[in-house]
Amino acid sequence: MTKSNAKSYWKENIRYVLILMFFWFLVSFGAGILFKDFLNEFKIGGFKLGFWFAQQGSIYVFVILIFIYVHLMNKLDKKYGYDV
Amino acid sequence: MVMMYSLFLEGIGIQNWTYILVGITFSIYIGIAIWSRASSTKEFYVAGGGVSPLANGMATAADWMSAASFISMAGIISFAGYDGAVYLMGWTGGYVLLALLLAPYLRKFGKFTVPDFIGDRYYSNTARFVAVFCALLVSFTYVAGQMRGVGLVFSRFLEVDINTGVIIGMIIVLFYAVLGGMKGITYTQVAQYCVLIFAFMVPAIFISIQMTGNPIPQLGFGGELVDEPGIYLLDKLDGLSTDLGFAEYTEGSKSLIDVFAITLALMVGTAGLPHVIVRFFTVKRVKDARKSAGIALLLIAVLYTTAPAVAVFARTNMIETVSNQPYNSVPDWFKKWEATGLIEYFDKNNDGLIQYVADEKNNELIVDNDIMVLANPEIAKLPNWIIALVAAGALAAALSTAAGLLLVISSSVSHDLIKKMINPNITETGELLAARLSAVVAVCVAGYFGINPPGFVAATVALAFGLAAASFFPAIILGIFYKKMNKEGAVTGMIIGVLLMLFYMTKFKFGWFGGGTKDDWWLGISPEGFGSVAMILNFIVSLTIMKLTKEPPKSVQEIVENIRIPIDAGKATH
């Protein structure tokens, strides 16, 4: 458990967080708000796509993102010996 | 036989069913409270710190889903259409921030409250005091709304006076929050999650089958109508809405920048709400904190993805039931809700029909947001026991959130103010007594506001998020991710953020500082969305002041390095 070990653990953690936050932004502020009108041109079943992302899709993605993070971090903890 | 049985069930009546279901659920809550009494401050504040991730996830979900989520949200969406997405995304997206940016580190830090973190990380009692002030401000605005929800349900379904309803609710919460502290609250919240989710889903599934033939409401509201095959429900609702002069349901009418700002403010506010954050202090390890954030959001998402479906069903049903129908032949539920003042009908053109249209001059019907979920099963003609179940669910939602907030209030007073600032030598027993007494006082204050709601309660509940966003979020994020962040920066940032938010909210909500209308909003951002702006200003001020003042002591920088590593989380300590 050296200092440099802690540093590179933190670096990898930040990288995961940034990637996941990118998708967080993309589905909610992106698909659900900024690109809503464009996506509404497409339909799945009775849903206009932008509307679907705003009221359904983004929420599903949020749940998946957290569980991906949990999985990645558990692996990272093991790799650095922080898994106690 | 089956027929006799169902006749028997029908014969019991809505009111008796409500007594039965509310009675059973309340007995369960009280039973759990007696079983899980807290005997130490650690049990009172963080349930002993050994709650499993699943139980914590369920408790967090119940804690989070308030009377607003259960009763009001689907109703608001039902009237706002697409714009309702701000609540759906805002109140779920915040959990991503919590899981990725806050929960693991705060758990590692291992204290009892949010002001504890702020006070220690910024090595200053001023910071602690500002944080206590913000926590109390946020929690009180929020809790008054919960007591009001309890009163509303009692008055409609048990036909008791709304004040009696509030008092019954107070006694129940008092009982398990004061006796059980966080430990009692956690396990009652687990039970309350089960009650509230069952109560929300059952009618939604029934109505979904009725209208679209699909038992999954999330898919049903994008499906075709049973009565009119080949026509999508949403297309039909868009048509009905435009016929009556409303905006198309799937388009909405708020400006893009305001939708963006409100969503952001709600997300960040969610992540900054003290009663949610404190739940992550109750688990054993850092990895449990991450996992329980995921479980919490999964459980919350069940309700949050169903709510927009309920909104569409309720809106369509309501328009079809009342629009252009003779007032004399309206169904029973209409008259009952009219008696509570939440439905109002004025026959402006004296034709005896109900004209429900967007144009205010000709509109004859006013329907309160709050009744859509409660009245929905009646509008859809579902059996009595389901209607009563919704009442029990709404009570579970309101009570679980009220209890969580009361705990934040009492621990802010007994732990952060008394133990950490006024009398550090207080004994364990003394602190526990102080915690219980402050819970009693908090319940009474909340009850008072429930009975005498100041006109601004409804308006300020949404603003509690703005306040949390403008105060806590930047201070906590910078405290974890920026080692060099110092007390001067954080404290100034919090103060300026909260003051700006209070200024904007009182200016446009209560008409102080010269007031103003929609046209005067800065950048077209509503008070509900202004938390985003105040938060950004908080960040800018914090960072600027930090550059001008000296860096934090080495010992504090070491604390920050330490919370980033998930091992040796130990137990939450003083």
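Because the structure is predicted, anything quoted here is derived from the model rather than measured.

## A word on the overall build of chain A
Thinking step 1. When helices and strands are counted, chain A shows 3 helices and 2 strands.
Thinking step 2. In chain A, the order of α-helices and β-strands from amino to carboxyl end is α-α-β-β-α.
Thinking step 3. In terms of overall dimensions, chain A is more spread out than a globule: its C-alpha atoms have a radius of gyration of 18 Å, far above the 12 Å expected for 84 residues.
Thinking step 4. Considering only C-alpha atoms, chain A reaches an extent of 55 × 20 × 15 Å along its principal axes.
Thinking step 5. When burial is assessed residue by residue, chain A has 38% of its 84 residues classed as buried.
Thinking step 6. Of the contacts made within chain A by residues no fewer than 6 positions apart, 51% connect residues no fewer than 24 positions apart.

## Quick notes on the overall build of chain B
Thinking step 1. A count of helices and strands for chain B gives 22 helices and 2 strands.
Thinking step 2. The globule rule puts the C-alpha radius of gyration for 574 residues at 25 Å, and the 24 Å found for chain B is close to it.
Thinking step 3. Here the C-alpha coordinates of chain B stretch approximately 75 × 55 × 40 Å along the principal axes.
Thinking step 4. For chain B, long-range pairs separated by at least 24 residues make up 81% of all intrachain contacts whose partners lie at least 6 apart in sequence.

## Here we look at helix H18 (residues 428-451) of chain B
Thinking step 1. The first and last C-alpha atoms of H18(B) sit 35 Å apart over 24 residues, in line with the 34 Å expected at 1.5 Å per residue.
Thinking step 2. Buried within H18(B) we find Glu431(B), Leu432(B), Ala434(B), Ala435(B), Ser438(B), Ala439(B), Ala442(B), Val443(B), Ala446(B), Gly447(B), Phe449(B) and Gly450(B).

## Topic: the interface of chain A and chain B
Thinking step 1. The partner chain B presents 39 residues to the 33 residues of chain A that form the contact.
Thinking step 2. Residue assignment for the side of chain A that touches chain B shows that the elements contributing at least two residues are helix H1 (3-34), strand E2 (47-48) and helix H3 (49-79) of chain A.
Thinking step 3. Tallying contributions element by element places H3(A) first for the side of chain A that touches chain B, with 16 residues.
Thinking step 4. Of the residues in the side of chain A that touches chain B, the class split is 23 nonpolar, 8 polar and 2 charged.

## Notes on the nonpolar core
Thinking step 1. Formed by 220 residues in total, the largest nonpolar core has its most connected members in Ile66(A), Leu196(B), Ala394(B) and Leu406(B).
Thinking step 2. In terms of residues, this core owes the most to one element, helix H17 (residues 384-422) of chain B, which gives 21 residues.
Thinking step 3. Residues in contact with Leu406(B), not counting those within four places in the same chain, are Val143(B), Val173(B), Ala177(B), Ala439(B), Ala442(B), Val443(B) and Ala446(B).

## A short note on helix H2 (residues 13-35) of chain B
Residues and elements named next belong to chain B.
Thinking step 1. Here H2 spans 33 Å end to end across 23 residues, near enough to the 33 Å set by a 1.5 Å rise per residue.
Thinking step 2. The set of residues buried in H2 consists of Ile14, Trp17, Thr18, Leu21, Val22, Thr25, Tyr29, Ile32 and Ala33.
Thinking step 3. Elements that come into contact with the buried residues of H2 comprise helix H8 (125-157), helix H9 (162-212) and H17.

## A closer look at the confidence of the model for chain B
Thinking step 1. On average, chain B scores 87 in pLDDT, and the residues at 70 or more come to 95%.
Thinking step 2. Within chain B, no element has a lower average pLDDT than helix H1 (residues 2-11) of chain B, which sits at 56, and none a higher one than helix H21 (residues 530-548) of chain B, at 96.

## What about the packing of helix H6 (residues 85-109) of chain B against helix H12 (residues 256-272) of chain B?
Residue and element names in this part refer to chain B.
Thinking step 1. One can describe the packing of H6 onto H12 by two numbers: an axis separation of 7 Å at closest approach and a directional angle of 45 degrees. Accordingly, the angle class assigned to the pair H6 and H12 is oblique. H6 and H12 meet at a crossing whose hand is right-handed. Packed against H6, whose contacting residues are Val86, Tyr87, Met89, Gly90, Trp91, Gly93, Gly94, Tyr95, Leu97, Leu98 and Leu102, the element H12 presents Val259, Ile262, Thr263, Leu266, Met267, Val268, Thr270 and Ala271 at the interface.

## Describing the confidence of the model for chain A
Thinking step 1. Scored by pLDDT, chain A has a mean of 93; 96% of the residues are at 70 or more.
Thinking step 2. Of all helices and strands in chain A, the one with the weakest mean pLDDT is strand E1 (residues 43-44) of chain A (91), whereas H3(A) scores best (96).

## What about unusual backbone geometry?
Residues and elements named next belong to chain B.
Thinking step 1. The backbone of lysine 381 shows a phi angle near 60 degrees, a positive value even though the residue is not glycine.
Thinking step 2. Structurally, lysine 381 is set in the loop between helix H16 (371-379) and H17.
Thinking step 3. Judged by the 13 C-beta atoms lying within 10 Å of it, lysine 381 falls in the partly exposed class.
Thinking step 4. Phi at leucine 523 takes a positive value of approximately 55 degrees, unusual for a residue other than glycine.
Thinking step 5. If you trace the backbone, leucine 523 turns up in the loop between helix H20 (487-509) and H21.
Thinking step 6. The exposed category is assigned to leucine 523, around which 11 C-beta atoms lie within 10 Å.

## A closer look at the environment of Ala439(B)
Residue and element names in this part refer to chain B.
Thinking step 1. Its location among the elements puts alanine 439 in helix H18.
Thinking step 2. Among the residues examined, alanine 439 registers 25 C-beta atoms within 10 Å and is labelled buried.
Thinking step 3. Each C-alpha atom of the pair alanine 439 and valine 178 lies 6.1 Å from the other, and the pair is 261 residues apart in sequence.
Thinking step 4. Once you skip the residues sitting within four places of it in the chain, alanine 439 turns out to touch Ala177, Val178, Leu406 and Ser410.

## Focus on the packing of helix H14 (residues 286-322) of chain B against H16(B)
Residues and elements named next belong to chain B.
Thinking step 1. Contact pair H14 / H16: the axes reach a minimum separation of 10 Å and the direction vectors enclose 60 degrees. It follows from the interaxial angle that H14 and H16 lie oblique. Of the two possible hands of crossing, H14 and H16 adopt the one that is left-handed. Contacts from Val310, Ala314, Asn317, Met318 and Thr321 of H14 reach H16 at Met372, Val373, Asn376 and Ile379.
Thinking step 2. Here the contact of H14 with H16 is built from residues that sort into 6 nonpolar, 3 polar and no charged.

## Some words on the environment of Gly466(B)
All names here are of chain B.
Thinking step 1. In this structure, glycine 466 sits in helix H19 (residues 457-481).
Thinking step 2. Given 32 C-beta atoms within a 10 Å radius, glycine 466 is considered buried.
Thinking step 3. The spatial distance from the C-alpha of glycine 466 to the C-alpha of methionine 267 is 9.7 Å, given a sequence separation of 199 residues.
Thinking step 4. Leave out the neighbours within four places in its chain, and glycine 466 touches Ala265, Gly269, Met501, Met505, Glu528, Phe530, Gly531 and Ala534.

## What to know about the environment of Pro115(B)
Residue and element names in this part refer to chain B.
Thinking step 1. Inspection of the secondary structure puts proline 115 in helix H7 (residues 114-121).
Thinking step 2. Each C-alpha atom of the pair proline 115 and isoleucine 567 lies 23 Å from the other, and the pair is 452 residues apart in sequence.
Thinking step 3. Look past the residues within four positions of proline 115 in its chain and what remains in contact with it is Arg128, Ala131, Val132, Ala135, Ser412 and Asp416.

How each quantity is defined
Residues numbered from 1 in each chain as written. Chains lettered and ligands numbered in written order. Predicted model: local features only at pLDDT ≥ 70, side-chain atom pairs only at ≥ 80, totals over all residues. Helix = DSSP H or I, 4+ residues; strand = E, 2+ residues; numbered from the N terminus. Rg over C-alpha atoms; globule rule 2.2 N^0.38 Å. Buried ≥ 20, exposed ≤ 12 C-beta atoms within 10 Å, placed from the backbone. Contact = placed C-beta atoms within 7 Å. Expected span 1.5 Å × (residues − 1). Nonpolar A, V, L, I, M, F, W, Y, C, P; charged D, E, K, R; others polar. Core = buried A, V, L, I, M, F, W, Y, C linked by C-beta atoms within 7 Å. pLDDT = per-residue confidence, 0-100. Axes fitted to C-alpha atoms, helices over the stretch in contact; angles between N-to-C directions. Parallel < 35°, antiparallel > 145°, perpendicular 65-115°, else oblique. Left-handed = near helix turned anticlockwise from the far one by under 90°.

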